[in-house]
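# Descriptive analysis of the structure
One-letter residues, chain by chain:
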Amino acid sequence: MEHRLSFKEYNEALKQNKLLGLKCNECGTITAPPKITCGECASTDMDVVELSGKGEIQTFTTVFVPAEGREAEAPYIIVLVQLDEGPWIMGNLTGIEPDKATMEIMGKRVKMGHAVFAGDKYSAGDGARPLFSFEA
Amino acid sequence: MRRVAVIGVGMTKFSGKQDKTCVELFAEAAMDAISESNLKPRDIQALFMGNVLGDFSEGQGQPQVFAADYIGAFNIPANKYENACASASAAARDAFIWVASGFYDIVLAGGTETASKMGTPLATRTFAMGSDSRYEYPAGITFPGVFAMLTHLYAKKHGIPLEKLKRQMAQVSINSHHYGALNPKAHFQKEITMDKVLDGFMVCQPLQLLDCCPFSDGASAIVLASEEAARKLTDKPVYIAGVGQASAGNLLSQKDYLPRIRSRELSAKQAYDMAGLSPKDIDVCELHDCFSIATIIALEGLGFFEFGKASEAVETGQTKIGGKIAVNPSGGLKAKGHPIGATGTAQVYDIVKQLRAECGERQVEGARVGMTDTLGGDGGTIVNLILKRGW
């Protein structure tokens, strides 16, 4: 069966600062990142849509002990953001000193940019992720 | 379906970096389990083994076939289970199903890992492979990072000030080390204090060093037998009364159900329903305390406390021996250690020892029913087993 939206297509779009998702024609749910079926009802009847990249921080952490190969990035903030269209997505946060972030940022509105993990010997290539910043 | 009993258990001491290979460690645990079952290796009909990182830590793929041969269980079918930290529990559950079905009468389940050998940077990288490599790892996720985010969600959802929650979480680690100090097989056999937990370096805000379990080396094994075979081999069979297993996608796909873990709630219900028991019937539980907050989340998901109430229950001693539910009297993953592929059957090892009343100073008096809870990834796999004294 064909993918409506593959990792590669999603990743290439994100590198152009476009966040793509899939809108289910049966239940209306937006699935992002993509899956071969709707994340809510498992329907295969979905169309690719571009998402706003805006949403609200649900939770966060600041990573001080990173994995091998990511040392130069630490400390960095990871956020889970609920997008205005519904899905939750994982990304990083800029615009605040990582070691100054507290639970005060939970619930704050953010907008999306992107950054690219160049990949390592295990990752079979690069991977973009949203890099959020606070909405003005 | 036939009744199935655990008739013998074995476990190496859990520790930091070992000179022994993952196959050698498994063989030690396996030979003890087989010997305790009054069996010989040739009596074992199949092997189900958990191992996650043998390829990264030792360059060893399919350690289960070398282990079967190494212990003298020549040419038996041997399968490896990789469900991140829940690998050995998934192996044990499948072993149970094969014996219950009547296909086998006597099987060996277990797990082995040499995670400490890898050192922290590579171990952190390879553990993170249990997250979604495409949609989570590019953001730099680590396992402490996952549970750090759940900590903030838990504090906000239940309106508990973070500083208060952190002290309650520290008590989880203090309890684990208290029991670990009494367990000769534990990785850490020393008490820790509140000050020491709260002074530890920050791993992932707000989790500090002693909120986190260690990378450990070690192995564990259990022998499962049909009721008919068990009756001939031991007068102390421990029956597997209920099993449960469920899966979930990446953390972000679990959305606003978090910080609850739906896969745990589904898995635990399967196990309780199959056993015809409820949380109040459990005397002792070995649960997946990979991080201090993970204990609090598990205590609620398993039904021992209401949602939002477990951190207070820990603070008031309700999870210690003599409290409402005895939790991790082995020292748990925090103090006993966490060689990930071996953890699930090490939990079974400890529950079996408790039900046989062989735990000395950390014995839960009169324990008749015990439960294990093992989590793999960010809720990706949960396995629960309920065990009952058969005498």
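Source: prediction; values computed, not measured.

Let us look at the sheet that holds strand 2 (residues 30–31) of chain A. Residue and element names in this part refer to chain A. An order of 2-1-3 is seen for the 3 strands of this open sheet, with the pairing classed as antiparallel. The two strands at the open ends of the sheet, each matched to only one other strand, are strand 2 and strand 3 (46–51). Pairing of strand 1 (residues 19–24) with strand 2, which is carried by 2 bridges, proceeds in the antiparallel orientation. The residue bridging Leu22 from the neighbouring strand is Thr31, located in strand 2.

Time to look at the packing of helix 4 (residues 87–100) of chain B against helix 14 (residues 343–355) of chain B. Residues and elements named next belong to chain B. Where helix 4 meets helix 14, the closest approach of the two axes is 5 Å, and the angle between their N-to-C directions is 70°. One element, helix 4, and the other, helix 14, form an angle in the roughly perpendicular class. On helix 14, the residues that touch Ser87, Ala88, Ser89 and Ala92 of helix 4 are Thr343, Gly344, Thr345 and Val348.

Here we take up the domain arrangement of chain B. Residues and elements named next belong to chain B. Along its sequence, chain B is carved into domain 1 (4–119 + 215–239) and domain 2 (142–213 + 242–389). On a C-alpha basis, the centroid separation for the pair domain 1 and domain 2 is 23 Å. Looking at the side of domain 1 that touches domain 2, the elements with two or more residues in it are strand 1 (4–11), helix 4, strand 4 (106–114), strand 7 (217–226) and strand 8 (238–247). Residue composition of the side of domain 1 that touches domain 2, by class: 19 nonpolar, 12 polar and 5 charged.

A word on the domain arrangement of chain A. Residues and elements named next belong to chain A. Per the domain assignment, the segments of chain A are domain 1 (7–51) and domain 2 (55–134). When each unit is reduced to the centre of its C-alpha atoms, the spacing between domain 1 and domain 2 is 20 Å. Between domain 1 and domain 2, the contact holds 11 residues from the first and 12 residues from the second. Among the secondary structure elements, those contributing two or more residues to the side of domain 1 that touches domain 2 are helix 1 (7–15), strand 1 and strand 2.

Now for the environment of B:Ala67. Residues and elements named next belong to chain B. Position of Ala67 relative to the elements: it lies in helix 3 (residues 63–70). The class of Ala67 is buried, set by 29 C-beta atoms lying within 10 Å. For the pair Ala67 and Ser330, spaced 263 residues apart in the sequence, the C-alpha separation amounts to 26 Å. For Ala67, the contacting residues outside a window of four places in its chain are Val23, Phe26, Ala27, Ala30, Leu47 and Met49.

Residue and element names in this part refer to chain B. Here Tyr70 is to be found in helix 3. Tyr70 gets classed as partly exposed once you count the C-beta atoms within 10 Å, which come to 17. Along the sequence, Tyr70 and Ala27 sit 43 residues apart, while their C-alpha atoms lie 7.1 Å from each other. Aside from chain neighbours lying at most four places away, what touches Tyr70 is Val23 and Ala27.

Looking now at the nonpolar core. Residues and elements named next belong to chain B. If you look at the biggest cluster of nonpolar residues, it comprises 166 residues, and the most contacted ones within it are Val6, Phe26, Val107, Ile222 and Leu224. Those residues in contact with Phe26 that sit more than four places away from it in its chain are Met49, Ala67, Gly110, Thr112, Ala219 and Ala221. With 5 residues, the next largest nonpolar core counts Tyr179, Ala186, Phe188 and Ala335 among its residues.

To continue, consider helix 1 of chain A. In an α-helix, one turn spans 3.6 residues; hence positions three or four apart end up facing the same way. All names here are of chain A. Of all the positions in helix 1, only Tyr10, Asn11 and Leu14 are classed as buried. All buried residues of helix 1 fall inside an arc of 95° around its axis, so they share one side. Looking at the buried residues of helix 1, the elements they touch are strand 1, strand 7 (109–117) and strand 8 (127–134). Just beyond helix 1, the residue with positive phi is Asn17, at close to 70°.

Reading the values: rules and limits
Residues numbered from 1 in each chain as written. Chains lettered and ligands numbered in written order. Predicted model: local features only at pLDDT ≥ 70, side-chain atom pairs only at ≥ 80, totals over all residues. Pairing = 2+ DSSP bridges. Helix = DSSP H or I, 4+ residues; strand = E, 2+ residues; numbered from the N terminus. Axes fitted to C-alpha atoms, helices over the stretch in contact; angles between N-to-C directions. Parallel < 35°, antiparallel > 145°, perpendicular 65-115°, else oblique. Contact = placed C-beta atoms within 7 Å. Domains from an automatic or database assignment. Nonpolar A, V, L, I, M, F, W, Y, C, P; charged D, E, K, R; others polar. Buried ≥ 20, exposed ≤ 12 C-beta atoms within 10 Å, placed from the backbone. Core = buried A, V, L, I, M, F, W, Y, C linked by C-beta atoms within 7 Å. Arc of directions from axis to C-beta.

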